[in-house]
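# Analysis of the macromolecular model
If you want the building blocks of each chain, they are given just below.
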Amino acid sequence: MSGESESSYRMLQRLGKGAQGAVYLVEHKEEGKQYVLKKVECRDESEANKAFKEAVALAKLQHVYICGYKEFYVMWDKDECAMYVCIIMEYYKHGDLDKILKQKRKERTPIEEIIIKKWLGQMVEALLFIHHEKVIHRDLKPSNIFMQEDLSISLGDFGVATVMDDSRTKTRTAIGSMNWMAPEVMERPYDERSDVWSLGCIILEMTTCGFLDTNHMMSKLFELKSSQEVLEETLQEVSKTYSVELVSVIRAMLRRNFKQRPSSEELVEFPYVKDCLALSGSALAEQRKKSLGKGTGGPVPRGSGVAAIIKYLETERGHESCVKDGLEYLYELSNNAPLNIDNSGKILIANLMKENIASKDILVSGCNVLQSMVPAASENDALFSDEIVLVVIQAMKAHGGSLRVQMAGAALLVEEAANDESCSPTALGGAVGVILDAMRTFTKETTLLLSCTGALLSLSINENTCKLVTTEKGMQDVCNCMDLHKTNPELVASAAKVIAPLLIDDDNLQLAKKLDLVPLLIEAIHNHFKEADVVEAACMALTDLIYADEEHAYLVLNCSRSHAYYDGIFEILKAYNEHKDNVKVIENIVTVIMELAEYVDIKEELKSQNVVSLLNQIKGSFTQNKDIMNPCTQALQLLGAATKR
């Protein structure tokens, strides 16, 4: 037992009842002050002792943005024949965040971004504090965020919290509200990042008050656990009122793969979140830089050589302006001649980026300098190490709303992904996350999208990262990119190349039907039949689709796209006539025809379009190329006999 007992309080009224017990407004008999009493029912004494120990652990959670706990005690209710752990906590007469959100939704009034920033900063600070105390809240939702006198927030109701060490070793039955609960809580072991998901849900709620009512919002929260599309549709609407930086932070918090989701500690390093923290005067908003180097803050020694600049950066690393000027000068030098910087110098540049993660100029220049050295790098170069890859990922996460940072980071990740054997699964997984986020944020930026699809192509060749792209619904982003930029042959080709390796996964094959992938690929060939890269990539993906499913094969015969109708065989043959001498294009066209010829009805259509004559022509032109001759011969055999697969 702790503190006083139930006899010290006068019951005033019941405030509510949940799955865990009842909540009452009580008054301390001697103090005359009102408190909230939460009674948590326990099945037996053993469970009561366990619950009590967890409750006592909450007593040390003393923080300006955390609901105060006065005392805890265990009681036996004779009337109900039940044992309860009783928690006495502060009473907030202004209510909770849920009350505010309901009022705003009723009025269809958006909450000002400056207010959201203030509350976001306070919630992040509160979460960081409890996570450092090894406590996970697990039931974070608007009704558990109380409003103080000055309308600052107070995170409360830790009745279902648990100690981190326990939750990391096994999955426990989650008791919190399902709508705000992270996807992983019910499926596998989880950690403090599950609270970050819940925080993301709360901030998303706050940004949708102007256009979603309560029922619609609850449906969205439930659906986005399994649908990236629902999240992106909602964020697209949110972006009409709020900044791209806020939208990017929400997207980061709502990553369904919790291993790619930022922790509260990582969130603090996001520049936008630092701005949020600063609104309440938080010490966390300060740039927590180490006092490194004994420099004077002097100017860059221009004309003194690369080695001297690296030494200058090491000496002046404590001065942000010097680091910025030094890296910009290095990049200027790289435009004239390759930079000769050893591995220790490259790691120094990465560390300077990490130490100045809030500076977009330093991050962009750092990425540009590192990328300039890739052509001359050896296979085991530090450029392809986790140390550098993870810094680039951190930079892109922290500045999700900055096009400059995303472009510089994605361009470097194209090179990093091509050397995936040098990187750990953690680094490669993080690369997938930031690349997809960049594609979702900047859907119209073709230069950035070219880098992103290029990086995804390299990442998708790796079986593990291909699975992660699949889990994150990356193929939908690739198809959206193709569709939105259908007149750009370079981007269409780059996106189409990503599709074939992704189709190895059965989940993507199922998704292909929903995305109308066959019509999308045929349309790409129709629009760009003179572009060898487009035809080759589209035919490669079509081959995999036709082989996997008869429905895809018949779609080739007659498919519609944007109210236009295409005969896929005609479009492929038209492309053939443009590329008769291109070995790679012919190889992929012949392979598509071979797969189509497996089906009886399609075989007749192929014959009617003189495909037999075309195949004989190809056979005569490429007699020494087995990659063309083998599928060509098989297709001719199939066209000579009416047999199914």
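Residues numbered from 1 in each chain as written. Predicted model: local features only at pLDDT ≥ 70, side-chain atom pairs only at ≥ 80, totals over all residues. Heavy atoms only, no water.

### A short note on the overall build of the chain
Applicable threshold: To qualify as a helix, a DSSP run of H or I must reach at least 4 residues; to qualify as a strand, a run of E must reach at least 2; elements of each kind are numbered from the N terminus. Burial classes: relative accessible area under 20% of the type maximum marks a residue as buried, over 50% as exposed, and values in between as partly exposed (1.4 Å probe, protein chains only). Note on contacts: a residue pair is in contact if any heavy atoms of the two residues lie within 4.5 Å.
Of regular secondary structure, the chain possesses 30 helices and 11 strands. Overall, the chain is about 100 × 70 × 45 Å in size when its C-alpha atoms are taken along their principal axes. When the 645 residues of the chain are sorted by exposure, 56% land in the buried category. Across the chain, contacts joining residues at least 24 apart in sequence account for 67% of those joining residues at least 6 apart.

### Considering helix α23 (residues 517-527)
Taking burial as the measure, the 11 residues of α23 include nine buried ones, the bulk of the element. The set of residues buried in α23 consists of Leu517, Val518, Pro519, Leu520, Leu521, Ile522, Glu523, Ala524 and Ile525.

### Focus on unusual backbone geometry
A positive phi angle, close to 75 degrees, is found at Arg138, a residue other than glycine. Position of Arg138 among the secondary structure elements: in the loop between β6 (135-136) and β7 (145-147). Notably, Leu151 is not glycine yet its phi reads approximately 65 degrees, a positive angle. Along the polypeptide, Leu151 turns up in the loop between β7 and β8 (153-155). Relative accessible area serves as the criterion here: at 43%, Leu151 is assigned to the partly exposed category.

### Focus: the packing of aromatic side chains
Here is the rule: Two rings from Phe, Tyr or Trp (for Trp, the six-membered ring) form a pair when their centres are within 6.5 Å of each other. A pair whose planes differ by under 30 degrees is stacked, one over 60 is edge-to-face, and the rest are tilted.
Inspection of the entire model under this criterion finds three aromatic pairs. An angle of 90 degrees between the planes, with centres 6.3 Å apart, marks the rings of Tyr9 and Tyr35 as edge-to-face. Remark: Tyr35 occurs in strand β3 (residues 34-42) and Tyr9 occurs in strand β1 (residues 9-17); sequence separation between them is 26 residues. Among the residues examined, Tyr9 registers a relative accessible area of 8% and is labelled buried.

### A word on the pattern of salt bridges
Side chains that carry opposite charge are capable of pairing whenever their charged atoms lie near each other. Note the cut-off: By convention in these notes, a salt bridge is any Lys or Arg side-chain nitrogen within 4 Å of a carboxyl oxygen on Asp or Glu.
All told, the structure shown has 33 salt bridges when counted by the stated rule. Between Glu27 and Arg10 there is a salt bridge; the shortest N-O distance is 2.6 Å. Here the residue Glu27 occupies a position in strand β2 (residues 21-28), and Arg10 occupies one in strand β1, the gap between them amounting to 17 residues. In this structure, Asp549 and Lys513 form a salt bridge, with 3.0 Å as the shortest nitrogen-oxygen distance. Of the two residues, Asp549 is situated in the loop between α24 (532-548) and α25 (550-557) and Lys513 in helix α22 (residues 506-514); the sequence distance between them amounts to 36 residues. Exposure remark for Asp549: the relative accessible area of 21% places this residue in the partly exposed category. Among the charged side chains, a salt-bridge network with shared partners connects Arg255, Asp437, Arg440, Glu472 and Asp477.

### Details of helix α30 (residues 626-639)
For clarity, the threshold we go by: Take the number of residues in a helix, subtract one, and multiply by 1.5 Å to get its expected span. Here a polar contact means two N or O atoms within 3.5 Å. Within protein one must be a hydrogen donor candidate and the other an acceptor candidate, and residues neighboring in sequence count only if both atoms are side-chain atoms.
Taking 1.5 Å of rise per residue, 14 residues should cover 20 Å, and α30 covers 20 Å from first to last C-alpha, within 8% of that figure. For α30, the full list of buried residues reads Ile628, Met629, Pro631, Cys632, Ala635, Leu636, Leu638 and Leu639. Tucked inside the fold, the buried residues of α30 contact α27 (583-596), α28 (600-608) and α29 (611-621). Between the side-chain oxygen at the start of α30 and the backbone nitrogen of Asp627 there is a gap of 3.0 Å, and the oxygen is on Asn625.

### Details of the packing of helix α13 (residues 343-355) against helix α15 (residues 386-398)
The test is simple: Note on definitions: angles span 0 to 180 degrees between N-to-C directions of axes, and those axes are lines fitted to C-alpha atoms, for helices only across the stretch in contact. Should an angle fall under 35 degrees it is called roughly parallel, over 145 degrees roughly antiparallel, and 65 to 115 degrees roughly perpendicular, with every other angle called oblique. Two helices that cross are described as forming a left-handed crossing if the nearer one is turned anticlockwise from the farther one by less than a right angle, and a right-handed crossing if clockwise. Note that Gly is not counted as nonpolar here; it falls among the polar residues with everything else outside the nonpolar set of Ala, Val, Leu, Ile, Met, Phe, Trp, Tyr, Cys and Pro and the charged set of Asp, Glu, Lys and Arg.
Interhelical geometry of α13 versus α15 gives an angle of 25 degrees and a closest axis separation of 9 Å. By the angle between their axes, α13 is roughly parallel relative to α15. In this structure, α13 crosses over α15, and the sense of that crossing is left-handed. In this structure, α13 uses Lys346, Ile347, Ala350, Asn351, Met353 and Lys354 to contact α15, whose residues at the interface are Glu387, Ile388, Val391 and Gln394. For the contact of α13 with α15, the class distribution of residues is five nonpolar, two polar and three charged.

### Details of the sheet that holds β2
Definition in use: At least two bridges found by DSSP between two strands is the condition for calling them paired.
If you walk across this open sheet you meet the five strands as β1-β2-β3-β5-β4, and the pairing is antiparallel. In the strand order of this sheet, the two ends are held by β1 and β4 (69-77), each with one partner. Looking at each pair of strands side by side, their axes are set apart by 30 degrees on average, direction ignored. Looking at chain direction, β1 and β2 are connected through seven bridges and run antiparallel. Paired with Arg10 across the bridge in β2 is Glu27.

### Section: the environment of Leu58
By the secondary structure assignment, Leu58 is in the loop between α1 (45-57) and β4. Given the relative accessible area of 3%, Leu58 is considered buried. The sequence separation of Leu58 and Glu71 amounts to 13 residues, and the corresponding C-alpha distance is 9.8 Å.

### Some remarks on the environment of Val323
Tracing the backbone through its elements, the reader meets Val323 in helix α12 (residues 320-334). For Val323, a relative accessible area of 0% translates into the label buried. Not counting residues up to four positions away in its chain, the partners in contact with Val323 are Leu313, Glu316, Arg317, Leu352, Asn356 and Ile362.

### What about the packing of α12 against helix α14 (residues 360-372)?
With their axes 9 Å apart at the nearest point, α12 and α14 run at an angle of 30 degrees to one another. The pairing of α12 with α14 is recorded here as roughly parallel in orientation. Between α12 and α14 lies a crossing whose hand is left-handed. Only Asp361, Ile362, Ser365, Gly366, Asn368, Val369 and Ser372 of α14 make contact with α12, whose side of the interface consists of Glu320, Val323, Lys324, Leu327, Glu328, Leu330, Tyr331 and Ser334. Residue classes in the contact of α12 with α14 are distributed as six nonpolar, five polar and four charged.

### Thoughts on the pairing of strand β5 (residues 82-90)
Here β5 lies mainly inside the structure; eight of its nine residues are buried. Taken together, the eight bridges between β3 and β5 define a ladder with antiparallel strand orientation. What sits directly across from Lys39, in β5, is Cys86. One ladder, built from eight bridges, connects β4 with β5; its direction is antiparallel. Along β5, the bridge assignment pairs Val74 with Val85. Hairpin connection of β4 to β5: four residues between the antiparallel strands, including Cys81 at a positive phi of 50 degrees.

### So, the side chain of Asn508
As for its position among the elements, Asn508 is in helix α22. Side chain to side chain, Asn508 and Thr470 meet in a polar contact 2.8 Å long. Residues in contact with Asn508, not counting those within four places in the same chain, are Thr470, Met475, Leu502 and Leu503.

### A closer look at the confidence of the model for the chain
Note the cut-off: For every residue, the predictor reports its confidence as pLDDT, a number between 0 and 100.
Residue-level pLDDT values for the chain average 88, and 93% of them are 70 or greater. Contacts for the low-pLDDT stretch residues 641-645, under 50 throughout, to residues beyond four places or in other chains number 14 contacts.

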